[in-house]
Amino acid sequence: MKTIYAAFTFLLLLLPAMPVQAQQEGLSFATIERPPFATTRGGVPSGFSIDLMKAIAAEMGRDVEFKYYNSFPAMLSATEVGIHDGAVANISITAARERVMDFSQPIFESGIGVLLPETKGGNPMLQALMTKDFLMLVVIALGLLFGSGMLMWVFERRVQPYFDRPARDAIYPSFWWALNVVVNGGFEERMPQSKMGRLFSVVLVVSSLFIVSFFVATITSATTVAALQDNIESINDLEGRAVATVSGSTSADFMDARDLNYIGYASPVEIFDALEKGQVAAVVFDAPILSYYSTTHTNPETNLLPRIYRRENYGIALPAGSDLKEEIDQTLLQLRENGTYDDLVQQWFGGQP
């Protein structure tokens, strides 16, 4: 009996010493829809940052759940005040954010990129001349030529054999005469005979110098602008174009610092919707997100400029003074060493971070 009592007492003493880590409280992390870093597949949270955090939690012996927010500021604010244990997505590590919260070691090296719609088919210079404003100028010019020719017919129809014909038959010959006056200075053998005809022809010839010069300048300007707009090689070439970015993002800060105008949207989803509708001509935002969109969407076809602006590091955001920071950093190093991190990079980015 004493032996049974001693064994029972020994088991009671062992119970508090049994592994507690398996019973540790689960982790709660905030996130936001930012494919390929954070998204959902079949209703299950997924993405590079999500899967990385799942792997970290598993190594720590903890479960993790994710709460999706509709805006970046809301996600970061909830993390800052401790509603969640942390936040993951494409969260850039900045000095301003570091003042109010902690960050893990960098989990991804990124930067700001420029995405443009792919220009396909047609001559951009010809397309520039097919604008509504230019076509309107052509219509006005043709109207002036027809009007000038018919006015000359009124002055010359009784004194000039060329114009001696009924009005309906004189429409094209009169237009042809006015066109040659503007382009060539007129026909010597069809010199006006009436006083009003001679006066009007002089006015028309002198005016033609300005008219022709105006049209040449308009065509030159339109084709030059088209050539420049079709040759975008850097962010400096975006001046005067409808450029979109996410309001309050590090990309918006970058644009503000360079005094570049932009249209601010609440999320990349809204930006890409505007891009597909042809409402914006360029997008300035996180390069990996732009690259992912470009490779997974073909309407419209897009082109990501090869240059990366203002390189940034993404990290796991934590409340200031978080007890999890050291453990997360150590676990992250373990995942880099055992190849798990590289496997995730391969899965989500084809091995090209």
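Since we're looking at a predicted model, the values are computed, not measured.

Description of the overall build of the protein
Then, in step 1: Along the protein, the regular secondary structure elements total 13 helices and 13 strands.
Then, in step 2: Within the protein, the fraction of its 353 residues that count as buried is 41%.
Then, in step 3: Taking the contacts inside the protein whose residues are at least 6 apart along the sequence as the reference set, 71% of them involve residues at least 24 apart.

Quick look at the pairing of strand E8 (residues 243-246)
Then, in step 1: Going residue by residue along E8, you find Val-243 and Thr-245 tucked away on one face and Ala-244 and Val-246 tucked away on the opposite face as well.
Then, in step 2: Bridge analysis of E8 against strand E10 (residues 282-286) gives two bridges, and the strand direction is parallel. Bridge pairing in E10 links Val-243 to Ala-282.
Then, in step 3: As paired elements, E8 and strand E9 (residues 263-265) share three bridges and run parallel to each other.

Digging into the packing of aromatic side chains
Then, in step 1: On inspection of all chains with the given rule, the structure shows 14 aromatic pairs.
Then, in step 2: Aromatic rings pair up to connect Phe-37, Phe-48, Phe-108, Tyr-314, Tyr-341 and Phe-349 into one cluster.
Then, in step 3: In this structure, Lys-67 packs its charged tip against the face of Tyr-69, placed 6.0 Å from the ring centre.
Then, in step 4: Sitting above the plane of the Tyr-341 ring, Arg-336 keeps its charged end 4.1 Å from the centroid.

Overview of the side chain of Thr-331
Then, in step 1: Within the fold, Thr-331 resides in helix H12 (residues 325-337).
Then, in step 2: The class of Thr-331 is buried, set by a relative accessible area of 5%.
Then, in step 3: Once you skip the residues sitting within four places of it in the chain, Thr-331 turns out to touch Ile-56, Glu-59 and Met-60.

Some thoughts on the confidence of the model for the protein
Then, in step 1: Per-residue confidence for the protein gives a mean pLDDT of 83; residues scoring 70 or more make up 83%.
Then, in step 2: Low pLDDT, under 50, characterises residues 8-23; the predicted model gives this stretch one contact beyond four residues in sequence or across chains.

So, a nonpolar patch on the surface
Then, in step 1: Taken together, the side chains of Met-136, Val-139, Ile-140 and Leu-144 define a hydrophobic patch exposed on the protein surface, amounting to about 390 Å² of accessible area.
Then, in step 2: Structurally, Val-139 is set in helix H6 (residues 132-156).

Points about the pattern of salt bridges
Then, in step 1: The tally for this structure, following the rule as stated, stands at four salt bridges.
Then, in step 2: Arg-311 is the salt-bridge partner of Glu-109, the closest N and O atoms lying 3.8 Å from each other. Separated by 202 residues along the polypeptide, Glu-109 in strand E7 (residues 108-117) and Arg-311 in strand E12 (residues 309-314) bring together distant segments of the chain.
Then, in step 3: Here Glu-312 makes a salt bridge to Arg-310, at a shortest N to O gap of 3.8 Å.
Then, in step 4: Assessed through its relative accessible area of 9%, Glu-312 is described here as buried.
Then, in step 5: Overall, Arg-310 belongs to the partly exposed group, its relative accessible area being 38%.

Digging into the environment of Thr-245
Then, in step 1: Tracing the backbone through its elements, the reader meets Thr-245 in strand E8.
Then, in step 2: Owing to a relative accessible area of 0%, Thr-245 belongs among the buried residues under this scheme.
Then, in step 3: With 23 residues separating them along the chain, Thr-245 and Pro-268 place their C-alpha atoms 7.7 Å apart.
Then, in step 4: Setting aside residues no more than four positions away along its own chain, Thr-245 makes contact with Ser-251, Ala-252, Tyr-262, Ile-263, Gly-264, Tyr-265, Ile-271, Val-284 and Phe-285.

Rules and cut-offs
- Residues numbered from 1 in each chain as written.
- Predicted model: local features only at pLDDT ≥ 70, side-chain atom pairs only at ≥ 80, totals over all residues.
- Heavy atoms only, no water.
- Helix = DSSP H or I, 4+ residues; strand = E, 2+ residues; numbered from the N terminus.
- Buried < 20%, exposed > 50% of the residue type's maximum accessible area, 1.4 Å probe, protein only.
- Contact = heavy atoms within 4.5 Å.
- Pairing = 2+ DSSP bridges.
- Phe/Tyr/Trp six-rings, centres within 6.5 Å; stacked < 30°, edge-to-face > 60°.
- Lys NZ or Arg CZ within 6 Å of the ring centre and 35° of its normal.
- pLDDT = per-residue confidence, 0-100.
- Patch = residues over 30% accessible without salt bridge, like charges linked within 9 Å, V, L, I, M, F, W, Y side chains within 5 Å.
- Areas by Shrake-Rupley, 256 points an atom, 1.4 Å probe, with all protein chains shown as cover.
- Salt bridge = Lys/Arg side-chain N within 4 Å of Asp/Glu carboxyl O.

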